[in-house]
Amino acid sequence: MNTHSLKLLLILLTITFPSTQCDDDLVDQICKKTPFYDLCISTLKSNSNGKDVKGLASVMADTMLSNATDTLSYIRAEINRTPDPKIERALAYCAELYIPVVKYNLPQAIDALSKGQFEFAADGISDAAKEADSCEKMISWSQELAALSDRNKLIHSLSDVAVAIVKILLKG
Ligand SMILES: *[C@@H]1O[C@H](CO)[C@@H](O)[C@H](O)[C@H]1NC(C)=O
């Protein structure tokens, strides 16, 4: 390769890389303002292409919705599986808590985000964490439900990250 084409290559590289670099910088910058940096990075990293702060908040909210939906299916499967009536009652209670999260709170929050109604979006997202906490209180005694406990805690942490990002939008 001669010096001329090397120069051209260098110019091309500087033109091509800033935009991807920029996305990573934005994700990094945003995640530093949330309480769970690693969770924020791992959730947003593969999904951040070309997204602004509002787009990143939406990715967090979408991830919460798929986590909550998955958790509700898990709870329903456990209800069918467990022979223990005490565990079954606790699970049924948790299902009642997750149904509105999956049906209303999070879909409404996602919709509100897209319309720029950030206050309302933050409310819906923190409501999801409250429901996960209420489920957690109901099941934390049971060793058998440790996997559900992990899911509740993850949803709470995802909510904390999502709310922190929406607060950045609110300060906008
Ligand atoms: C739940 O959230 C975690 C953390 O972002 C993610 O890795 C996982 O894929 C999500 N699960 C579902 C079912 O969306």
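In what follows, the accompanying structure is described. (Residues numbered from 1 in each chain as written. Predicted model: local features only at pLDDT ≥ 70, side-chain atom pairs only at ≥ 80, totals over all residues. Heavy atoms only, no water.)

**Some points on the site of the ligand**
Neighbouring the ligand are the residues L39, T43, T63, S66, N67, D70, L154 and L158. Measuring from an oxygen atom of the ligand, one finds a side-chain N or O atom of S66 at 2.6 Å. With respect to the ligand, the side chain of N67 contributes an N or O atom lying 2.3 Å from an oxygen atom. Looking at the shell around the ligand, the elements that each hand over two or more residues are α2 (37-44), α3 (53-81) and α6 (146-171). Considering each element in turn, the shell around the ligand owes the most residues, four residues, to α3. Within the shell around the ligand, the residues separate by chemical class into three nonpolar, four polar and one charged. (Near = heavy atom within 4 Å. Polar contact = N/O pair within 3.5 Å; in protein donor to acceptor, adjacent residues only side chain to side chain. Helix = DSSP H or I, 4+ residues; strand = E, 2+ residues; numbered from the N terminus. Nonpolar A, V, L, I, M, F, W, Y, C, P; charged D, E, K, R; others polar.)

**Points about the packing of aromatic side chains**
The full count for this structure, using the stated rule, is zero aromatic pairs. Between R151 and the ring centre of Y74, over which it is positioned, the NZ or CZ distance is 4.4 Å. (Phe/Tyr/Trp six-rings, centres within 6.5 Å; stacked < 30°, edge-to-face > 60°. Lys NZ or Arg CZ within 6 Å of the ring centre and 35° of its normal.)

Shape descriptors only; they carry no functional weight alone.
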